[in-house]
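What follows is the residue order along each chain.
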There are 2 protein chains.
Amino acid sequence: MARTNAGTKGVPRAEREQQILAVASLAFGTDGFAATNLADVAAEAGISKPLIYNYFGSKEGLFAACLDEAGDLMAGEIERIARGDAVGIERGIRTLDGMFAVLDEQRHLWRLLHDRTAPSTGAIADVVSHHTERIDKLAHEGVTELLALAGDTDERDISVMTAAWLGIVDSLMDWWVAHPDETATQMNERVTRLFTALLVDIVRGDA
Amino acid sequence: MARTNAGTKGVPRAEREQQILAVASLAFGTDGFAATNLADVAAEAGISKPLIYNYFGSKEGLFAACLDEAGDLMAGEIERIARGDAVGIERGIRTLDGMFAVLDEQRHLWRLLHDRTAPSTGAIADVVSHHTERIDKLAHEGVTELLALAGDTDERDISVMTAAWLGIVDSLMDWWVAHPDETATQMNERVTRLFTALLVDIVRGDA
DNA sequence: CTGTGGTAACTTACCCGAGAGTCATATAGG
DNA sequence: CCTATATGACTCTCGGGTAAGTTACCACAG
């Protein structure tokens, strides 16, 4: 007759870590770093708080691990698209499509990299800057190409436009999170239609 | 010989409230609701914490007051622009110019309405939704007009595009906050130049 | 032009709950 | 029987919120 629930349950560390990461990523992505408490995460994962500390060291350590996984997934996909031959607007659309495809079942991951409630120093900052640098570099590259087509090579213009582009991606992801019934394919079509409407039809009709 | 620092300093309530609001808005706008602590706000305002509670009731009450002031400033300006005769892209540019002008010396105010760390229920939620509804309504109206020029009247397309537009505004404000030396006039010119580059030069040259 | 009492403007010193982080301990499996 | 996997029951700090008082200004009686 067991008086406590202690003792191994036969789940190896690597597997348990993955399971904790999944639960924690959802919580962090949904509520943000500050508003997430580890007791809840532990309960949801069906384990106890000390086990999390055993495996990840601290709340920041856990967040950094979530961040690293999510950041690598996203930056990896963006890099993959960038190696393709699309240029200008087409490259933007393809990047968005790639994000929709990769994040379909885990849209909340997008928020992890932009969490303003996370500490801006220490291990977390390192992981964040590592991945955002990968992403920003490619966004900057794409925008530079795009604006070059219009003869604009002003560095600050490029910087502003890059920020705006990332803002567009961000808001589209937000909208997608708020509309769970919308599929990746539908988003894809919608975005393509909107870009076309704006850049072709409107300019020809009205300017 | 004063043993305590208690006792009035001759500052009337209305004036003190304004002063607290200014300090609090900066703190909330910079660090977010959750990461702001009232002891610091009080210290920065040169008064003690209980005075804040005396005048605003609670942390949420203080935030709601900041929000109401900022929201009214921004929504008011957007409504003013909307009453003008600009349509389509031109309306978007004028709206941005208005925001740059109004927020020039207090760029952090923009963040207050989008603070994800603030409680999403109670008095704060009411104030937030009151102002965001004013703003969203006009954004939706402007986007509807714009997309109608391209023959797109799909309600979800309009919803996505509105989200993207607000995302653009958001990211431009962020960029502006991060570049304090950039004047409102410079932002104005930059945005106009970029819209022109994208919508005219690129489409004509490449599509 | 003086008391004097009422009130608005203030503060010090505290309470208390939430949540990060830890310690000592338990037990299943090789 | 040893160790990786696990936990119940703590501690401690931070910060929102409060109780109880202190002091300056002001209106008005004398």
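Residues numbered from 1 in each chain as written. Chains lettered and ligands numbered in written order. Predicted model: local features only at pLDDT ≥ 70, side-chain atom pairs only at ≥ 80, totals over all residues. Heavy atoms only, no water.

> I keep staring at the overall build of chain A and nothing clicks. Help me out?
From N to C terminus, chain A includes nine helices and zero strands. Listed by position from the N terminus, the elements making up chain A come as α-α-α-α-α-α-α-α-α. Its C-alpha atoms put chain A at 80 × 35 × 30 Å along the principal axes. By the burial criterion, 46% of the 207 residues in chain A qualify as buried. Residue pairs at least 24 apart in sequence account for 68% of intrachain contacts in chain A once pairs closer than 6 positions are excluded. With the model as given, the accessible surface of chain A reaches about 10,200 Å², and the carbon-plus-sulfur share is 52%. (Helix = DSSP H or I, 4+ residues; strand = E, 2+ residues; numbered from the N terminus. Buried < 20%, exposed > 50% of the residue type's maximum accessible area, 1.4 Å probe, protein only. Contact = heavy atoms within 4.5 Å. Areas by Shrake-Rupley, 256 points an atom, 1.4 Å probe, with all protein chains shown as cover.)

> Could you clarify how one ought to interpret the relation of the copies chain A and chain B in this entry?
Mapping between the two copies of the chain is achieved by a rotation about an axis and a shift along the axis. Between the two copies, chain A and chain B, the superposition gives an RMSD of 0.1 Å; the rotation angle is 180 degrees and the shift along the axis is 0.1 Å. The superposition operator between the copies reduces to a two-fold rotation axis. Considering only C-alpha atoms, the residue of chain A closest to the rotation axis is Gly167 of chain A, which sits at 2.5 Å. A high fraction, 100%, of the interface residues of chain A reappear at the interface in chain B, so the copies pair face to face through one surface. (Least-squares fit on C-alpha atoms with pLDDT ≥ 70 in both.)

> When you look at the interface of chain A and chain B in this model, what are you seeing that I'm missing?
How big an interface is tends to be stated in terms of the accessible area lost upon association of its parts. Taken together, the contact pairs 35 residues of chain A with 35 residues of chain B. Taking both partners together, chain A and chain B bury about 3,600 Å²; carbon and sulfur atoms supply 67% of that area. Run the count over chain A and chain B and you get 12 salt bridges. Asp157 of chain A is the salt-bridge partner of Arg190 of chain B, the closest N and O atoms lying 2.7 Å from each other. Taken together, chain A and chain B are joined by 16 residue pairs in polar contact (both at pLDDT 80 or more). Going through the elements one at a time, α7 (122-148), α8 (155-178) and α9 (184-205) of chain A are the ones with two or more residues in the side of chain A that touches chain B. Element by element, the count of residues in the side of chain A that touches chain B is highest for α8 of chain A, at 13 residues. Considering only residue class, the side of chain A that touches chain B consists of 17 nonpolar, five polar and 13 charged. (Buried area = accessible area lost by both parts, 1.4 Å probe. Salt bridge = Lys/Arg side-chain N within 4 Å of Asp/Glu carboxyl O. Polar contact = N/O pair within 3.5 Å; in protein donor to acceptor, adjacent residues only side chain to side chain. Nonpolar A, V, L, I, M, F, W, Y, C, P; charged D, E, K, R; others polar.)

> Quick question: what am I supposed to make of the protein's contact with DNA strand C here?
The environment of DNA strand C is formed by 28 residues, the closest being Lys49, Tyr53 and Lys59 of chain A together with Lys9 and Ser48 of chain B. If you look at DNA strand C and keep only atoms within 4 Å of the protein, 66% of those are sugar or phosphate atoms. Here a sugar or linking oxygen of DNA strand C and a side-chain polar atom of Thr8 of chain B are 3.0 Å apart. In the model, a phosphate oxygen of DNA strand C is placed 2.6 Å from a nitrogen or oxygen of the Ser48 of chain B side chain. Those elements that provide at least two residues to the surface near DNA strand C are α3 (49-56) of chain A together with α1 (13-31) and α3 (49-56) of chain B. Looking at which element gives the most residues to the surface near DNA strand C, the answer is α3 of chain B, with four residues. For the surface near DNA strand C, the class distribution of residues is 11 nonpolar, 11 polar and six charged. (Near = heavy atom within 4 Å.)

> How do you make sense of the protein's contact with DNA strand D when you look at a structure like this?
Lining the immediate surroundings of DNA strand D are 27 residues, of which Lys9, Ser48 and Pro50 of chain A together with Lys49 and Tyr53 of chain B lie closest. Near-protein atoms of DNA strand D (within 4 Å) split between backbone and bases, with sugar and phosphate holding 63%. Separating a phosphate oxygen of DNA strand D from a side-chain N or O atom of Lys9 of chain A is a distance of 2.7 Å. The backbone of Leu38 of chain B places a nitrogen or oxygen atom 3.0 Å from a phosphate oxygen of DNA strand D. No other element matches α3 of chain A, which puts four residues into the surface near DNA strand D. Its residues placed into classes, the surface near DNA strand D shows 10 nonpolar, 11 polar and six charged.

> Would you mind going over the packing of α3 of chain A against helix α4 (residues 59-82) of chain A with me for this structure?
To characterise two packed helices, one gives the angle between the axes of the helices and the distance between these axes. Residues and elements named next belong to chain A. One way to put it is that α3 packs onto α4 with a least axis distance of 9 Å and a crossing angle of 65 degrees. With respect to each other, α3 and α4 are oriented roughly perpendicular. The handedness of the crossing between α3 and α4 is left-handed. Residues Ile52, Tyr53 and Phe56 of α3 form the contact with α4, whose own contacting residues are Lys59, Gly61, Leu62 and Ala65. Looking at the contact of α3 with α4 residue by residue, the classes come out as five nonpolar, one polar and one charged. (Axes fitted to C-alpha atoms, helices over the stretch in contact; angles between N-to-C directions. Parallel < 35°, antiparallel > 145°, perpendicular 65-115°, else oblique. Left-handed = near helix turned anticlockwise from the far one by under 90°.)

> So what exactly am I meant to see when it comes to α1 of chain B here?
What sets the pattern is the α-helix's 3.6 residues per turn: residues three or four places apart point alike. Residues and elements named next belong to chain B. In this model α1 runs 26 Å from its N-terminal to its C-terminal C-alpha over 19 residues, within 8% of the 27 Å that 1.5 Å per residue would give. When α1 is considered as a whole, its buried residues turn out to be Arg16, Ile20, Leu21, Val23, Ala24, Ser25, Ala27, Phe28 and Gly29. Elements that come into contact with the buried residues of α1 comprise α2 (38-45), α3, α4 (59-82) and α6 (109-112). Gly32 lies just past α1 and shows a positive phi near 90 degrees. (Expected span 1.5 Å × (residues − 1).)

> Can you walk me through the packing of aromatic side chains in this structure?
The geometry of an aromatic ring pair is captured by the separation of the ring centres together with the interplanar angle, meaning the angle of the planes. Using the criterion set out here, one finds eight aromatic pairs over all chains in the structure. Between Phe28 of chain B and Phe33 of chain B the ring centres are 5.8 Å apart and the planes differ by 15 degrees, which places this aromatic pair in the stacked class. Judged by its relative accessible area of 1%, Phe28 of chain B falls in the buried class. Relative to Phe63 of chain B, the ring of Phe28 of chain B has its centre 4.9 Å away and its plane inclined at 85 degrees; by these criteria the two rings are edge-to-face. Of this pair, Phe28 of chain B sits in helix α1 while Phe63 of chain B sits in helix α4, and the two are 35 residues apart along the sequence. No difference in accessibility class separates Phe28 of chain B from Phe63 of chain B, as the two residues are buried. Three or more aromatic residues joined by ring pairs form one cluster here, namely Phe28, Phe33 and Phe63 of chain A. For Lys59 of chain A, the ring lying beneath its charged end belongs to Phe33 of chain A, and the centroid distance is 4.5 Å. (Phe/Tyr/Trp six-rings, centres within 6.5 Å; stacked < 30°, edge-to-face > 60°. Lys NZ or Arg CZ within 6 Å of the ring centre and 35° of its normal.)

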